[in-house]
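# Structure at a glance
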Amino acid sequence: MTGAPDTGGPGGPGPVLDLAGLGFGEGAHLLVRRALAGLAPGAVLGVAGHDPALPLHLAAWCRREGHRMLPGPFPDPRVRAAVRRRPRDRDTGRRHGAERAGSPGPDGVVARPPAHWGPAARGALVEAGGPPVPFDVADRDIAWTDLAPRLYAHAAAAQWDPATAVDWAAPFTLPDAVEQAVVQVMTYLVENEQTALVIPARLLARVHPHFREVLQLLAVQAADEARHVEVFTRRALLRGGRMGTSSAGGRASLASLLAEPDFSLAFFLLSVLGEGSFLSLLGFLDRYAPDPVTRRVARLARRDEARHVAFGVAHLAHRADRDPALHGRLRGAVERRHDALRDTAGLNDDVFDALVVLAAGAWTPEAVARGHRAVRRLREEMDEGRRHRLARLGFPDDEAAELSALHTRSFM
Amino acid sequence: MTGMTRMTRMTGTTEPLLLGAVAYDPKVVTIWTGFRSWLTARGLPFDFVLYAHYERQAEDLAAGRLHAAWHSPLAWVRSQRLAAAQGTPLRPLVMRDTDRDLRSVIVVRADARHRRPADLKGETVATGAVDSPQSTLLPLARLREHGLRPGEDFRVLRHDTGVGLHGDHIGGERDAARALMSGEAAAACLSDASWLLFAQDGTLPPGATRPLDRTGPYDHCVLAVGHAADPDLADGLGRLLRSMDHADPEVRHLLDLEGLTAWLPGRTGGFAALAAAVTEAGHYDERGRITAPEYAP
Ligand SMILES: [Fe+2]
Ligand SMILES: [Fe+2]
């Protein structure tokens, strides 16, 4: 423990730290550590103070830290103990082999953050060692989207409070059948929103935290869906206090969405095709809502959904640029899902019927015809939207039309 | 390096060096599994077994069923007596830098009337487990030096947590500190490291205790090599352990877990006070047999 030069021994005038009454149970080690850090290795620090435990606690602390206590007596009468600073700084040793985890800004994202960076902040000085944390989406080409930081900032700024954003006490009266249709549509929306909540939540847990803006965006997206679940549930229960029905076919369709394990394909099915179609559906509810509460909740959810679709399209467009084989895989995912649902009877028929009644608003032949026309127009709009977004991902028009048609029986 | 080359060549044919360690905490598995991979990757045939307590480990080392043992200071004292009785060699190979020159303290509440050890006459003194060097054997020996006979001049309130672990389980010391704060005891016997820990983790409120007395410096754990060990392998183990560098991330977390920054050569001078305390307390006899009453690991 020697060999380093003495800048002042217990016999000579060296620096003295006065702890006054501060004890090691109250943070004295912080002052001692700071004082020693200012000295050269091997230099001696005198420590003064009047805590009765001082010399013994200091000795135990020094042993743990690798510093050496020197025996007295000390010429300075205030000094109760002297410490020789350890020869090699352990913190320097700890920093040996440390590396920067990229740099903090979005332009500091690296191509493949190693697993042992784990949850370290981007740009942090990461000590070597530490356990590998298996985030399987850890490739910049797969995880990252340049749009993510901007979409996240937008999403964070656009959060709304379900308690105050909707006037739950707004007066309205609906015929029983129309109210029932609203309840059925809301019940259907809730199971879709719950699926849309689970998927980004699951996927975000697989993304390396180095791509933090992607995680943040997905977290806010999941929070958006949590609010959608709340407001649609609340509208369903507003008058009758009962939920509608949940069809086996509808749940089979959602289960096939949950079953997609691939990060990019899952966002393709959920955001580009599913939430893309939802934009049209929520727009329809905004237009034909028979009451102000239904209109308001549909409008609020639609704003959020537009962001979810934008992320999905941006992510897939970014991927398609880098991976020419992606189109084939996207097509395969749509076909697999279609095949899985081929034998599902009456998929979403009850929802389409409820939408007709909701848009009709009354039980007259003219009203039902009007509602039916509106729903037919909705299905056309959904198809147009899907084809448009598929074209943005680089699919030729005929293939986009074909894939959109395979999606038709599912909303989400 | 030549020694290491020789060991590498011998790996296929040599019986591995077998070390015993006591499983006083689950981290012991992590530590010795990590050390084992590190040592074998460097050509040392090395294996380990875990024990439930130090007494069987000391007996197996003496019987030659182990080549080496990661020993408490009390286990060292017993191994020394067992080895001397059967005329076999025993050597201290390495120790942690943090195991040298510990002290134990006898602390009282800051507002207590006690000023000198003699003031504890007729009082209750809290200690750790019956086999804890730092919080029972050494501080009670210190009080004997002041003419206070444990159990006669003062009452001993023992906290027998982890008997057979030689005080490695800190629970007994923590209970002793709590007995002091609750007023059940007038004084508590602790290692200086535990006293610091309890002050820092809030077991003892800031400024609530002060030292009444302290022991002289003593050493703690040591890696003991018994008569059955191949001397070349044992030397190889010592050399490799001492080459472990805290700057190497592969071993740093093991060293941090085991609580050291560097391995130092073993030495025996720091166990003399404990050997004397063991004799006074009648914990082991001169041939290393267990003689302590109420001691059943
Ligand atoms: Fe939603
Ligand atoms: Fe969504």
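Numbering of residues starts from 1 in each chain and follows the order in which that chain's sequence is written. Each chain gets a letter, beginning with A, and each ligand a number, beginning with 1, in the order they are written. Per-residue local features of the predicted model are confined to residues with pLDDT of at least 70, and side-chain atom pairs are confined, for both listing and counting, to 80 or more; whole-chain, interface and lining totals are unaffected and use all residues. By convention in this description, side-chain values take in all heavy atoms of the structure and omit both hydrogens and water.

Named according to an unreviewed UniProt entry, chain B is ABC-type phosphate/phosphonate transport system, substrate-binding protein originating from Streptomyces aidingensis.

By the naming in an unreviewed UniProt entry, chain A is Ferritin-like domain-containing protein, taken from Streptomyces aidingensis.

## A closer look at the overall build of chain B
Numbered from the N terminus, helices here are DSSP runs of H or I no shorter than four residues, and strands are runs of E no shorter than two. Along the backbone of chain B there are 10 helices and 11 strands. On C-alpha atoms alone, chain B measures out to a radius of gyration of 20 Å, which is about the 19 Å that the 2.2 N^0.38 rule sets for 297 residues. Oriented by its inertia axes, the alpha-carbon framework of chain B measures out at about 65 × 45 × 25 Å. For the exposure calls, accessible area comes from a 1.4 Å probe over protein chains only, and a residue counts as buried if that area is under 20% of its type's maximum, exposed if over 50%, partly exposed in between. Burial analysis of chain B (297 residues in total) assigns 55% to the buried set. For the radius of gyration, the atoms used are the C-alpha atoms, and the globule rule reads 2.2 Å times the number of residues raised to 0.38.

## Brief notes about the side chain of R96 of chain B
Along the chain, the position of R96 of chain B falls in strand 4 (residues 91–96). Polar contacts here mean pairs of N or O atoms no more than 3.5 Å apart (in protein, one a potential hydrogen donor and the other a potential acceptor; neighbouring residues in sequence count only if both atoms are side-chain atoms). Side-chain polar atoms of R96 of chain B contact the backbone oxygen of E258 of chain B, separated by 2.6 Å.

## Overview of the coordination of the iron ion (ligand 1)
Residues and elements named next belong to chain A. Each protein donor to the iron ion (ligand 1) is listed here as E193 (OE), E193 (OE), E225 (OE), H228 (ND1) and E305 (OE); together their distances run 1.8 to 2.8 Å. Metal-coordinating donors are taken as N, O and S atoms lying within 2.8 Å of the metal, or within 3.2 Å when the metal is Na, K or Ca; because water is left out, some sites can appear incomplete. The distance between the iron ion (ligand 1) and the iron ion (ligand 2) comes to 3.5 Å, and E225 binds to both of them. One end of the pair, E193, is in helix 7 (residues 176–204); the other, E225, is in helix 8 (residues 212–237), and 32 residues separate them in sequence. E225 shares its class with E193; the two are buried.

## Notes on the side chain of R84 of chain A
Mapped onto the elements, R84 of chain A comes out in strand 4 (residues 79–84). From its side chain, R84 of chain A meets the backbone oxygen of G42 of chain A in a polar contact 3.0 Å long.

## Section: the environment of G72 of chain A
All names here are of chain A. Along the chain, G72 falls in the loop between strand 3 (68–70) and strand 4. G72 sits in the partly exposed class, given a relative accessible area of 43%. Separated by 10 residues in the primary sequence, G72 and A82 place their C-alpha atoms 7.6 Å from one another.

## Quick word on the confidence of the model for chain B
All names here are of chain B. For every residue, the predictor reports its confidence as pLDDT, a number between 0 and 100. Overall, the predicted model of chain B reaches an average pLDDT of 93, with 96% of residues at or above 70. Low pLDDT (under 50) marks residues 1–12, which in the prediction has 12 contacts with non-local residues, meaning those over four places away or in another chain. Our summary of model confidence lists the complex with pTM equal to 0.73 and ipTM equal to 0.87. Residues count as neighbours in contact if any of their non-hydrogen atoms are within 4.5 Å of one another.

## As for the coordination of the iron ion (ligand 2)
Residue and element names in this part refer to chain A. Coordination of the iron ion (ligand 2) by the protein comes from E225 (OE), E275 (OE), E305 (OE), E305 (OE) and H308 (ND1), over a distance range of 1.9 to 2.8 Å. Site description for the iron ion (ligand 2): donor spacing in sequence, E-x49-E-x29-E-x2-H. The class of E225 is buried, set by a relative accessible area of 0%.

## Brief notes about the interface of chain A and chain B
Listed by partner, the interface residues are 20 residues for chain A and 24 residues for chain B. Once two parts are joined, some of their accessible surface, as seen by a 1.4 Å probe, is lost; buried area is that loss totalled over both. Both faces combined, the contact of chain A with chain B buries some 2,000 Å², and carbon together with sulfur accounts for 60% of it. Between Lys or Arg on one side and Asp or Glu on the other, a salt bridge is scored when a side-chain nitrogen of the former is within 4 Å of a carboxyl oxygen of the latter. At the junction of chain A with chain B, the criterion picks out 2 salt bridges. R63 of chain A is paired through a salt bridge with D192 of chain B; the nearest N and O atoms lie 2.5 Å apart. Applying the counting rule to chain A against chain B returns 4 residue pairs in polar contact (both at pLDDT 80 or more). With 6 residues, the single largest contributor to the side of chain A that touches chain B is helix 2 (residues 54–65) of chain A.

## Here we look at the packing of helix 11 (residues 292–322) of chain A against helix 12 (residues 326–341) of chain A
Any two packed helices are characterised by the angle at which their axes cross and by the distance between the axes. Residues and elements named next belong to chain A. Between N-to-C directions, angles cover 0 to 180 degrees, with each direction set by a line fitted to C-alpha atoms, over the stretch in contact for helices. Where helix 11 meets helix 12, the closest approach of the two axes is 9 Å, and the angle between their N-to-C directions is 135 degrees. In terms of axis orientation, helix 11 runs oblique to helix 12. Note on element contacts: helix 12 touches helix 11 through L326, H327, R329 and L330, opposite L316, R319 and A320. Angle categories: roughly parallel below 35 degrees, roughly antiparallel above 145, roughly perpendicular from 65 to 115, and oblique for all the rest.

## Remarks on the pattern of salt bridges
What the rule picks out here adds up to 54 salt bridges over all chains. One salt bridge connects E230 of chain A with R234 of chain A, and the closest N-O pair in it is separated by 3.9 Å. You can see E230 of chain A and its partner R234 of chain A sitting in helix 8, 4 residues apart, about one turn around the helix. Its salt-bridge partner being D153 of chain B, residue K121 of chain B comes within 3.0 Å of it at the nearest N-O pair.

## Here's the deal with the packing of aromatic side chains
Residues and elements named next belong to chain A. Any two of the Phe, Tyr and Trp rings considered here, Trp counted by its six-membered ring, make a pair once their centres fall within 6.5 Å; the pair's planes then place it as stacked at under 30 degrees, edge-to-face at over 60, or tilted in between. Inspection of the entire model under this criterion finds 11 aromatic pairs over all chains. Between F24 and W61, the ring centres sit 6.3 Å apart and the planes meet at 50 degrees, which makes this aromatic pair tilted. Taken together, the positions of F24 in the loop between strand 1 (16–18) and helix 1 (28–37) and W61 in helix 2 put the pair 37 residues apart, joining distant regions of the chain. The class of F24 is buried, set by a relative accessible area of 1%. On the accessibility criterion, W61 (1% relative accessible area) is buried. On the basis of an interplanar angle of 75 degrees and a centroid distance of 5.2 Å, the ring pair of F263 and F267 is categorised as edge-to-face. Within this pair, F263 and its partner F267 are both found in helix 10 (residues 263–288), separated by 4 residues, close to a single helical turn.

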